[in-house]
Amino acid sequence: MSDDHTHVQEFFGSRAADWDSRFPDDGPAYAAAVALMGLRAGDRVLDAGCGTGRALPPLRAAVGGTGVVVAADLTPAMLEAAVRAGRDADGQLLLADVTALPLRPESLDAVFAAGLIAHLPDPAGNLVELARVVRPGGTLAFFHPIGRAALAARQGRQITADDLRAEHNLGPLLSGSGWDLTSYVDEDARFLALAVRRG
C-alpha cells in the first residue's frame, strides 16, 4: 500500500465513528447533487470514495430497484460506519481502491464522487481509471456539500491557484482523462462539477 493510501486510511479511519454527527445537515445537499446527475431507473452507478455512504439513499432512489448502486472506499472504518447507519441496504459496499477498481470496462452509467479529488494520488491517471469503468456518454459528478472558499475557511487555509477543483484546472484535467466538463458550480452552499465520458 502506498504512503498516500496509508495516510488516507489513517485520516478517515480515526474520524469515521463520528463523521456523520460532525456534518449532520449535509443530506439535502447530497440529494440535490444526485438529482442533477440525470440518473434513470435501471442505471448502474458507483459512489467512489463513499465514506459513510451518505450518497447511497439518493442514488438508490434515483436508479430504483432495477438499478445497481456500488459504493467503494479504501477505509474499512468508513464502510463499517455506513453499515451501522443502515446504508448498506441501498448499495453494495466494496473495500476497494478507486484508483484500481475491480469493475469491468464500461460497466457503469455514472460515478458520484464526494470530496474525492483532493485525495487522489495521481489525479490524471485516476480519472482515466474512472473513465475506464463508465460507458461513453456516462456521467461523473465531483461534489462537496460546501464550496471551495467555505471549505478553505473551515480548514483555516487559503485557496491557491493550483487547487485541482478550480475550473481552470479541473476542465483540462478531465479533458485529458477522457471526460468533458459540462457544468461547474462553486458557491458557498455547494461544489458540483459534472462531466460526460467521451466516446
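The notes below deal with the structure included here.

Here is what the cut-offs are and how they apply
- In every chain, residue numbers begin from 1 and rise along the written sequence.
- Local features in a predicted model are, by the rule used here, given only for residues with pLDDT of at least 70; side-chain atom pairs are given and counted only at 80 or more, and totals for whole chains, interfaces and linings are based on all residues.
- With hydrogens and water set aside, each side-chain value is computed from the structure's full complement of heavy atoms.
- A pair of strands is treated as paired once DSSP finds two or more bridges between them.
- Segments assigned H or I by DSSP are reported as helices when at least four residues long, segments assigned E as strands when at least two residues long, and all are numbered from the N terminus.
- All axes are obtained by fitting lines to C-alpha atoms, using only the stretch in contact for helices, and the reported angles, taken between N-to-C directions, cover 0 to 180 degrees.
- Between rings of Phe, Tyr and Trp, where Trp is taken as its six-membered ring, a pair exists when centres lie within 6.5 Å; planes separated by under 30 degrees are stacked, by over 60 edge-to-face, and by other angles tilted.
- Burial here depends on accessible area, computed with a 1.4 Å probe over protein chains only, as a share of the maximum for the residue type. Under 20% is buried, over 50% is exposed, and the range in between is partly exposed.

1. Overview of the sheet that holds strand 7 (residues 190-197)
- With respect to topology, 7 strands assemble into an open sheet ordered 3-2-1-4-5-7-6, the strand pairing being mixed. The strands lining the two open edges of the sheet, one partner per strand, are strand 3 (92-95) and strand 6 (179-187). Looking at each pair of strands side by side, their axes are set apart by 15° on average, direction ignored.
- With 6 bridges joining them, strand 5 (residues 134-144) and strand 7 adopt antiparallel strand pairing. Counted as the bridge partner of Phe 142 is Ala 193 from strand 7.

2. Quick word on the packing of aromatic side chains
- Enumeration over the complete set of coordinates arrives at 4 aromatic pairs.
- A centroid spacing of 6.1 Å and a plane angle of 45° characterise the contact between Tyr 30 and Phe 112, whose relative ring orientation is tilted. Of the two residues, Tyr 30 sits in helix 3 (residues 27-35) while Phe 112 sits in strand 4 (residues 108-114), which places them 82 residues apart along the sequence. A single burial state applies to Tyr 30 and to Phe 112, both of which are buried.
- Each ring, one from Phe 112 and one from Phe 143, has its centre 5.6 Å from the other, and the planes form 35°; the classification is tilted. Of this pair, Phe 112 sits in strand 4 while Phe 143 sits in strand 5, and the two are 31 residues apart along the sequence. Taken as a pair, Phe 112 and Phe 143 share a single burial class, namely buried.

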